[in-house]
Amino acid sequence: MNRELEYMFVERARVWIPDAEEVWKSAELNKDYKNGDASLVLMLEDGTNIEHKLDPKTKNLPYLRNPDILVGENDLTALSYLHEPAVLHNLKVRFVDSKLIYTYCGIVLVAINPYETLPIYGTDIINAYSGQNMGDMDPHIFAVAEEAYKQMARDERNQSIIVSGESGAGKTVSAKYAMRYFATVSGSASEANVEQKVLASNPIMEAIGNAKTTRNDNSSRFGKYIEIGFDTRFRIIGANMRTYLLEKSRVVFQADEERNYHIFYQLCASSHLPEFKTLKLSSANDFLYTRQGRSPVIVGVDDTKELNATRNAFMLLGINESYQMGLFRVLAAILHLGNVEIKDRDSDSSVIAPNNRHLTAFCELVGVTYQDMTQWLCHRKLKTAAETYIKPLPRLQATNARDALSKHIYAKLFNWIVEHVNKALITNVKQHSFIGVLDIYGFETFEINSFEQFCINYANEKLQQQFNMHVFKLEQEEYMKEQIPWTLIDFYDNQPCINLIEAKMGILDLLDEECKMPKGSDDSWAQKLYNTHLKTCSLFEKPRMSNRAFIIQHFADKVEYQCDGFLEKNKDTVNEEQINVLKASKKFDLLVELFQDEHPATSPTGQVAGTGGRTRLSIKPDKSREKSSKEHKKTVGCQFRNSLQMLMETLNATTPHYVRCIKPNDFKLAFTFDPKRAVQQLRACGVLETIRISAAGFPSRWTYQEFFSRYRVLMKQKDVLPDKRLTCRNVLEKLVEDQDKYQFGKTKIFFRAGQVAYLEKLRADKLRAACIRIQKTIRCWLARKKYLRKRCAAITIQRFTRGYQARCLAKFMRRSQAATVIQKYQRMCVEKKRYRQKQAAALAMQTILRGYMARQKYQGLLRQHMAVIIQKRIRGWLARCWYKRCLESIVYLQCCIRRMRARRELKKLKIEARSVEHFKKLNKGMENKIMQLQRKVDEQSKEMRLTNERLNGLETSYSAESERMRGELSRLRGVEEDAKNKTIQVTSLLEELERLRKELSVTQKEKKTIEDWAHTYRNEMEKMVSELKEQNGSLKKDKDDLNRLIQEQSQQMTEKMARAIAEETQQLETDLNEERSRYQNLLTEHLRLEEKYDDLKEVALSSNVSKPGHRRTDSTHSSNESEYTYNSEYAELEEGSRAAEDVTRGIDTSLTLKLQKRLTELEQEKQSLRNELENKEDQFQRARARDDAEFKKARGAELEYESLKRQELESENKKLKHNLAEMRQSLLGNAATNSGAPGSPAYKVLLDQLNSSCEELDVRKEEVLILRSQLVSQKEAMHHKETMTEPSVYVEDVSKLKDADEIKQAYVGLKDTNRLLEHQLQTQRRGHDNEVEALRGELQNVKEENNRQQQLLAQNLQLPPEARIEASLQHEITRLTNENLEFMAEDPTASREARVIILRRMVDLMEQLEKQDRTIRKLKKQLKVYSKRIGEMGAGQTEGQTSPGQMVDEPIHPVNIPRREKDFQGMLEYKKEDELKLVKNLILELKPRGVAVNLIPGLPAYILFMCLRHADYVNDDQKVRTLLTSTINSIKKILKKRGDDFETVSFWLSNTCRFLHCLKQYSGDEAFMKHNTSRQNEHCLSNFDLAEYRQVISDLAIQIYQQLIKCMENILHPMIVSGMLEHETIQGVSGVKPTGLRKRTSSIADEGTYTLDSILRQLSAFHSTMCQHGTDPELIKQVVKQQFYIIGAVTLNNLLLRKDMCSWSKGMQIRYNVSQLEEWLRDKGLMTCGAKETLEPLIQAAQLLQVKKKTDEDAEAICSMCQALTTAQIVKVLNLYTPVNEFEERVSVAFIRTIQTRLRDRCESPQLLMDTKMIYPVTFPFNPSCLALETIQIPSSLQLGFLTRV
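All values reported here derive from a predicted model rather than from experimental measurement. (Residues numbered from 1 in each chain as written. Predicted model: local features only at pLDDT ≥ 70, side-chain atom pairs only at ≥ 80, totals over all residues. Heavy atoms only, no water.)

Draft legend 1. Looking closely at the nonpolar core. F182, I263, Y410, W525 and F550 are the most contacted members of the largest nonpolar core, which totals 314 residues. No other element matches the 18 residues that helix α45 (residues 1587-1622) contributes to this core. Not counting residues up to four positions away in its chain, the partners in contact with W525 are I507, L510, L511, E514, F550, C563, F566 and L567. Membership of the second largest hydrophobic core comes to 35 residues, among which are F9, V15, L29 and Y742. (Core = buried A, V, L, I, M, F, W, Y, C linked by side-chain atoms within 4.5 Å. Buried < 20%, exposed > 50% of the residue type's maximum accessible area, 1.4 Å probe, protein only. Helix = DSSP H or I, 4+ residues; strand = E, 2+ residues; numbered from the N terminus. Contact = heavy atoms within 4.5 Å.)

Dropping the structure here:
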């Protein structure tokens, strides 16, 4: 031991030291502890150094802290050091850091009130805990409830769950969740509604039994024990409630800051309501009983709403309005009674003032007289042996009597309500077992403790004793089971304290004795206590400063009780005369009922509770109860002791389970932990005592395998032996010297406290040393690698440096040589340049000199030449002057004339300008007007050109005139002499010339003005034209922009429509899947109700004695099958219905009505879903029709466009013809005028070609008219457009021919046209040949049709008359249909009329066929009747004769026998009486294994369909109906019988789907006949439409699929957790931590260990079985997807509920397991089925366990990675993350808060667990069979020899 202490108390070891504020504080040793040291040098967590003194007497060292890997454990007993600080710290870490409110402490569940709503109580959590062992999941109230439920079912022993704790700790909530768990897992939540009724009782019990105290606003002031009853199937059938110790004193007195019971304040707050006016209530401050605490209001509570909830709960439990008002009258009367003021008359008597309004109100409410109540409130009757006399009461005694009456009335009212609540919860079904839930007050201690606290603490002493004994018993059983030596454990036994209270001469006994004394008082009772127990009992003490109090040392703490009021509260005496007055009430029946103890009260619901449905424990009756006359005189203490004794006997007769509720703080702050309050409650509730008992023995327990796996590192290789037990023994003997520290059991090793921590330290040191060695080696390796890299780098640097230097030297040498060469060439260039400069200078000088001399000579010659030119020019100027004078005279004359013409032209131009401006204003901005303006501009420019030409002509004439005038001038010079003579004439002529010159100048000015105006006009026009062009360009640009915008909008609209259609399609698919899922869920519910109904019928039938040989047929058909029943079994069904009526008499009528109502609702909902599905399909069809209409509309637009094109072609043809006619006429006209042309061959040839072209054009016109009705596509239309428009070009060109070249070109064009026409003629010839070939083919088809008709006629002659008529009719319909199709192709209009005629003809034929069919049936019935009569009349004479029916069929057999052997029709014929044998051999007694291995898949489905085909072939509707109904019912029967066999369910799922596919494939619908062969199309059903039956069979397939999934889930579920989480697929990765007492032997049912290989083998078995049965591949994919979803959901749910599984190594195991599952999918080719996606949440959870979880970057990576996980799941995994080794780190609280902040904006469900019951909606894609029915052979092993192939 000293060695271990020295090893543990070393430097840096962590310990716990006491602290006044935090109770315990953590510290660390600064130096090693040595034996004998008087103190320890410690350092606190805040860095403060202290010296901790050791107790010099005990030398007890401080408590050691547990290793970090053990902090936060699920079970406190798993801690290595079991002591108070370790427990407190573990609870704090789990509660504050991990937000976990539940923790195991051995067999106790510690529940800390979080003061916050947590999402851990949903149905998904209940399903996750259902069926699990208690130690396999995280601590939870559901785990305790599951343990109780499992032990009740397994051991058939009643159970109890004891929920205790102080006020406000959450006892009631824990009890409520336990009851909810029982109601859910027992499957009775939807029938019995016991949980709802119990929960409905909560508002009532809280209103009348809860009150506000200083510690809790809703404190329960009574205890209750609820027994939940179960039947033989362990389903809830009822409940019963017992109450204990109602605090009646609170009715008349409340301490400060406390309230009376809630119901009084609720009534006062609702006093304004009309129905409460008669109660005469007002504010709570107006009544004595509600104002003493001076706190009438609770913050956040609306008493009016609370009263409404209470009244609704009353109604739910069957307490009607009249009874409720009666209860409220009683409560109001109590308030008024408390306000009755009693005054002193004298010292010995009292009086009540007359007409006291409160007493008057009391009397009116309870229906008694005022005088009687006044009399007996102030007096009492005393009886002696001789006489009876009335004694007045003093005021104090009268007041106490009044208060006692109030308390008594309230207690009676409380018991009456509890009794009626129990009546509402009880049933008539016999109870098999029960689970009790005890919700009782915990240990209480206040500043002033009175009688109530005394009783409460007394009850807790008894419960603690029972708890200690149970814990000790479990420890003893564990040691005995493991066969280890054990000694008695010293634990605190509180029997002396119990004896002090309840033994003879105990506190209660002395109290009862003092109550019997006439002069008894609290003081005298206290003196008796002092005298009796003060010196004899160490647990009893007397306070120093008081003589009216006493102290009791309870198991939890010392409590001081004040004696005041003990006697009065214990007596609880009531004046009998007051009770008699109340009993005498004539107006208030409820009040009388409250005080009639000898008669049971009548239930307000009118029901009387049954007595045979409950079993109670046999308890010995108390002898005192035999005296019924004194029963009412029993004291409160005695009553409480007896009820407590009954409770303890009940608990001792059951297996208890303990829940201890802890209140973390007094301020109701969420997840706030007050260590002082927690330690106080842990001590009071016995948790620390459990720890102490466990620590006294061997608290740490390891299996040999766990110990070997965990501490393998402490073993050497030679220590490892094949026997792990021997290996562990040898190792422990070496590691732990003291053998008393451990014991070896059969399956476990037991360690004393602290040994696991010692081993963990050894392991950590060993791992640390190994890590140091690994680090040393790695660091050496890294250093050497670094040195080698440096050396290599140095060598490399040297090599490169030397190379660089060599390259630099070579470069220098090359540069030196280059410099020399450069200098040589540079000097040469300099010299050459200097020489060239000198040479150039000499040449320049020579050039300049020579040039100067040449220029001088040139200038001399130039001067001489210029003189000659000057002379010439002067002479010329003189001549020109004379000429100009003559010319001016001529010009003057011309100007006069031009002026006159210009004025006329100006007027025209002004007129035209005005018209243009007007035209421009009217037509501005229009493109067509612009063209007109442009044309006018062109015309004006043309006129300008003409004008210029005229001007040029005038100039020419003027020049000629000037020449003439020059001649005239020369002539005038000849007669100059004559002119000189006529000077007068010359003078006049000069004057006239001057005048003409003036006129000429004026004319020139006018001309210039006109030219300027024309120029201006031209500029304006050009500007206008440019503006118009710009406007036209802008318009074109706008047009292009608009076109582009329209195209973009069109494209956007198209894309938008496409997206909308895609979204609508997706939404429709989603809605369809949801509707399909709802429909399939309804089918499941319907099937469950059917099964339950069958079970009820079987139970009822088994309880009744049936007649011998009578067997009731199964009548559980689905809603769609109810109309298809056997007509031949009508009598049998009547007998069955009568039997059912007899049966239902024994069944609960209400349950039957509920089932019928539920069935009706399901049928209506199913029909509504079908209608909704049909509406969805109609919407989809309308959407498709709308799309088709839009397509047709677009197609119609295209056709209109094509028609317009055809019209253009026609107009062009007409134009072409007209042009040709004009060309012919012009050619003839030219030929007539031209002398050489009329008889020329060229003109004749051209005319012939033109004539032929005209004829060809006429032909083409007719073709266009024909094409108008036959044109289909735009491509053909464009082809004809090109064909028809080419000749028009030539025609238009021919019309413009004017010369021979143009005629030649026209001739060439006509030759091309002729060539084109010849090509078209050849095309027509080929078309004609094709038509001839088509006609030949049609002729051949007609011949073949004729032959086929003959063959059909021959076959019809061999058929029976009925089939012959039907076959001929079918053939006629086919022929008419074909003709109709051909006729439609030829002429649509005529085809419609023919179609109407054909339809009418078909209707007439069908009516005739029906009439003939009815006539034939009628005749057949008559023939059967006649043949039966003939048989009865002469049975002996009919041998060798035949019946009429046989005579009718006689000619058929000789013909059909050889035909059957040669050509089978794929049908099987059977007799009606063989139908049961067919169903029995093919369905009920068929072994799937033999069929799947030896025969073709789906053989039963093919056989059934072939039988159905024959029934359809012979047109027997009853046979079809009975065959289908028998098949469906038989499949249901075999699945009900063997529904847990996967092979059977898979076999019939495959065959049902194949049968459904056959019904579709051969239904005759074109949608299902696409993949059929011609032979298969001949096998289609011809007489009956089985669409409704297809729906029924589809529903049956859905039910089988869901049963298959359920069967697979039942097989896989036990494997998943073990194989995916617990089993170590990668050995050595996962670590094992201490488990403590979590995995108790009582909770473990070892069923073997499953591995991942087990799951893979099972999946392969499922897959191979379905493949052998021929299941559709798409259906297999859906099954596999569902399998993987179940695996992923169950694994993730268990991971979220198991703290020991959330570690880094477990994440690696999960990822490896998932990869193996993906590999399995890959091997099976199922990667595309969506199964991998269902594992995505599990994969992300595994990744979350492995990623780094420290920084903000890590948080961002986690948020982006975990998209498939919800926020609650991510936070849960982070909270549960637990390091397995010391080298791992926990997730900090700040990091979790960061994750929550980042994920705050996610919109998702707050659900924590995945729904493992969710089933994906299944679909059955159509899968046609390629197997020919006529080739199927029936094996003899099926024993179907009675079937005949047809």
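Draft legend 2. Seen up close, a nonpolar patch on the surface. Nonpolar side chains collect at one region of the surface, where I774, I778, W781 and L782 lie side by side and expose about 410 Å² of accessible area between them. On the secondary structure map, I778 appears in helix α26 (residues 755-922). (Patch = residues over 30% accessible without salt bridge, like charges linked within 9 Å, V, L, I, M, F, W, Y side chains within 5 Å. Areas by Shrake-Rupley, 256 points an atom, 1.4 Å probe, with all protein chains shown as cover. Salt bridge = Lys/Arg side-chain N within 4 Å of Asp/Glu carboxyl O.)

Draft legend 3. Looking closely at unusual backbone geometry. For V23, which is not glycine, the phi dihedral falls at a positive 70 degrees. With respect to the element layout, V23 can be found in strand β2 (residues 23-29). Judged by relative accessible area, which is 15%, V23 ranks as buried. The phi torsion at K99 lies on the positive side, around 55 degrees, for a residue other than glycine. Note that K99 resides in the loop between α2 (84-97) and β6 (102-105).

Draft legend 4. Quick peek at the side chain of K248. The residue K248 is located in the loop between β12 (236-244) and α7 (262-269) in this model. The buried category is assigned to K248, whose relative accessible area is 18%.

Draft legend 5. Structural view of the packing of helix α41 (residues 1499-1513) against helix α43 (residues 1542-1561). The N-to-C vectors of α41 and α43 enclose an angle of 35 degrees; their axes lie 8 Å apart at closest approach. For the element pair α41 and α43, the recorded crossing hand is right-handed. For the pair formed by α41 and α43, the contact residues are L1499, P1500, A1501, Y1502, L1504, F1505 and L1508 on the first element and F1547, W1548, N1551, R1554, F1555, C1558 and L1559 on the second. Residue classes in the contact of α41 with α43 are distributed as 12 nonpolar, 1 polar and 1 charged. (Axes fitted to C-alpha atoms, helices over the stretch in contact; angles between N-to-C directions. Left-handed = near helix turned anticlockwise from the far one by under 90°. Nonpolar A, V, L, I, M, F, W, Y, C, P; charged D, E, K, R; others polar.)

Draft legend 6. Quick look at the environment of R357. Secondary-structure assignment places R357 in helix α11 (residues 357-366). Of the residues examined, R357 reaches a relative accessible area of 63% and is grouped as exposed. For the pair R357 and N339, spaced 18 residues apart in sequence, the C-alpha separation works out to 9.3 Å. At 3.4 Å, the side chain of R357 forms a polar contact with the side chain of H358. (Polar contact = N/O pair within 3.5 Å; in protein donor to acceptor, adjacent residues only side chain to side chain.)

Draft legend 7. Region of interest: the sheet that holds β2. An order of β4-β3-β2-β1-β5 is seen for the 5 strands of this open sheet, with the pairing classed as antiparallel. Because the sheet does not close on itself, it has two edges, and the strands there are β4 (49-53) and β5 (63-64). Strand direction decides the pairing type here: strand β1 (residues 14-19) and β5, joined by 2 bridges, are antiparallel. Looking at β5, one finds that W16 is bridged to Y63. (Pairing = 2+ DSSP bridges.)

Fair warning: the whole summary comes from geometry, so function is off the table for now.
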